[in-house]
Amino acid sequence: MAIIDLRELLPHERDEDGSKWLVEGLVARASLGVIGALPKCGKTFLGLQMALAVSTGTPFLGHFKTRKARVLFVELEDPAMLLAERTGALMRGHGIPSPEPGYLQFAIESVRIDTADGISHLRQLLAETKAELCIIDTLNRAHALNENLQTHASKIIAALDGLCREFGVGLLCTHHTGKAGKSGQGGKALRGSSVLHAGLQTSLLLWRTETPGRIRVEPESKFGAPEPFTYEQIAGEGTVRLSWVEEATIHAPFITKHARWLERQRRKRRKYVGGR
């Protein structure tokens, strides 16, 4: 066990440039999080857009500031051809140039977090790429454990959290919400044991709206209380663009529903910190 003085600890609160955020208000360095949603809801596209934004220092969804950093995208579900097609479509849709060499790298191979050899391999990948953001798509392809069992879920969290601490990397996994998951539940809507939700620092929960192409994001963070937001996926000929949507353009009853959810979250936070 390492003992550290407060004067040594405080500088770790922020990066050298004064910011702890890789994506402002959503993803911090040395943190563990998930992008959660039902199947075919756009988790991979959102993860790829974030990878492109951070690796080039361009705004995420055209709205959230990013800090330019090296990114490792671990693809365990889709073949290389589909991954290339999606990444190219996003680059064209957002007008993003190719990242500098070494700033966005892909691992399209079997990566496991439930074996000693698997963790050793992932550690080697993080060391070689010097990634500050690592996105794993998807979590359930990275292990053979039972996510519903508390002991197994604890092993998953321990393995991923250990990598975050060792490398100071922001680690984000795509994951599925449960069949009974509903908007407004926060991380509790994620599939698996509640231990998974409890072990996360951040989560981005995606929900389809009544408007085709629009996705509502309900973020949770132990670093603050980010507000829900909506983005739109616009597909063209060989292009895809994900764009943040102004609240004023969203159907009013939908805003009201999420405003109530947000107020409940704020009340819980005030209660937690001893406020009124």
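Remember, it's a predicted structure, so these values are computed and weren't measured experimentally.

Participant: Account for the environment of A127, with residues named and values stated.
Facilitator: In this structure, A127 sits in helix 4 (residues 116–129). Placed 40 residues apart in sequence, A127 and F167 show a C-alpha to C-alpha distance of 7.8 Å.

Participant: Before we move on, could you go through unusual backbone geometry and cite the residues and values that matter?
Facilitator: Here D137 and T138 are connected by a cis peptide whose omega angle stands at 5 degrees. By secondary structure assignment, the location of T138 is in the loop between strand 6 (133–137) and helix 5 (150–167). For A30, which is not a glycine, the phi torsion comes out positive at approximately 55 degrees. If you trace the backbone, A30 turns up in the loop between strand 2 (27–28) and strand 3 (32–37). With phi around 60 degrees, L61 is a residue other than glycine that occupies positive phi space. Mapping L61 onto the fold places it in the loop between helix 2 (43–56) and strand 4 (71–75).

Participant: Account for the pairing of strand 5 (residues 104–107), with residues named and values stated.
Facilitator: Of the pairings in the sheet, the one linking strand 4 to strand 5 comprises four bridges and is parallel in character. Directly across from L72, in strand 5, lies its bridge partner Q105. Regarding topology, helix 3 (residues 80–94) serves as the crossover connection from strand 4 to the parallel strand 5, and that connection is right-handed.

Participant: How would you sum up the nonpolar core? Please name residues and give values.
Facilitator: In terms of nonpolar packing, the biggest core is built from 38 residues, with M50, F60 and L206 touching the most fellow members. For this core, the element with the highest residue contribution is helix 2, accounting for eight residues. The residues touching F60, leaving out its near neighbours within four places in the chain, are V23, L26, L46, Q49, M50, A53 and T66. Counting residues in hydrophobic clusters, the runner-up holds 34 residues, among them L72, L160, L163 and V169.

Participant: Can you lay out the sheet that holds strand 11 (residues 240–245) for me, pointing to particular residues and giving the numbers?
Facilitator: Here nine strands make up an open sheet; going across it, the order is 5-4-6-7-3-8-9-10-11 and the pairing mixed. Each edge of the open sheet carries a strand with a single partner, namely strand 5 and strand 11. Strand-to-strand twist of the sheet, defined as the mean angle between neighbouring strand axes without regard to direction, takes the value 20 degrees. Direction of pairing for strand 9 (residues 214–221) relative to strand 10 (residues 229–235): antiparallel, over a ladder of four bridges.

Participant: Explain the environment of A30 residue by residue, including any values.
Facilitator: For A30, a relative accessible area of 36% translates into the label partly exposed. Residues A30 and Q201 lie 171 residues apart in sequence; the distance between their C-alpha atoms is 9.5 Å. The contact partners of A30, leaving out residues within four places of it in the chain, are C164, G168, V169 and G170.

About the cut-offs
- Throughout, a residue's number is its position along its own chain's written sequence, starting from 1.
- A pLDDT threshold of at least 70 governs which residues receive local features in this predicted model, and a stricter bar of 80 or more applies before side-chain atom pairs are shown or counted, although totals over entire chains, interfaces and linings include all residues.
- Water and hydrogen atoms play no part in the side-chain values, which are based on all heavy atoms of the structure.
- Starting at the N terminus, helices and strands are each numbered in turn, a helix being any DSSP run of H or I of at least four residues and a strand any DSSP run of E of at least two.
- The rule for pairing is simple: two strands pair if DSSP sees at least two bridges between them.
- Place the viewer so that the strands point away; then a crossover is right-handed whenever the path from the first strand over the helix to the second strand goes clockwise.
- We call a set of buried residues a nonpolar core when its members are Ala, Val, Leu, Ile, Met, Phe, Trp, Tyr or Cys and they connect through side-chain atoms within 4.5 Å of each other.
- Burial classes: relative accessible area under 20% of the type maximum marks a residue as buried, over 50% as exposed, and values in between as partly exposed (1.4 Å probe, protein chains only).
- Residues are treated as being in contact if the distance between any of their heavy atoms lies within 4.5 Å.
- Fitted lines through C-alpha atoms serve as axes, helices being fitted only where they are in contact, and the angles separating the N-to-C directions of these axes extend from 0 to 180 degrees.

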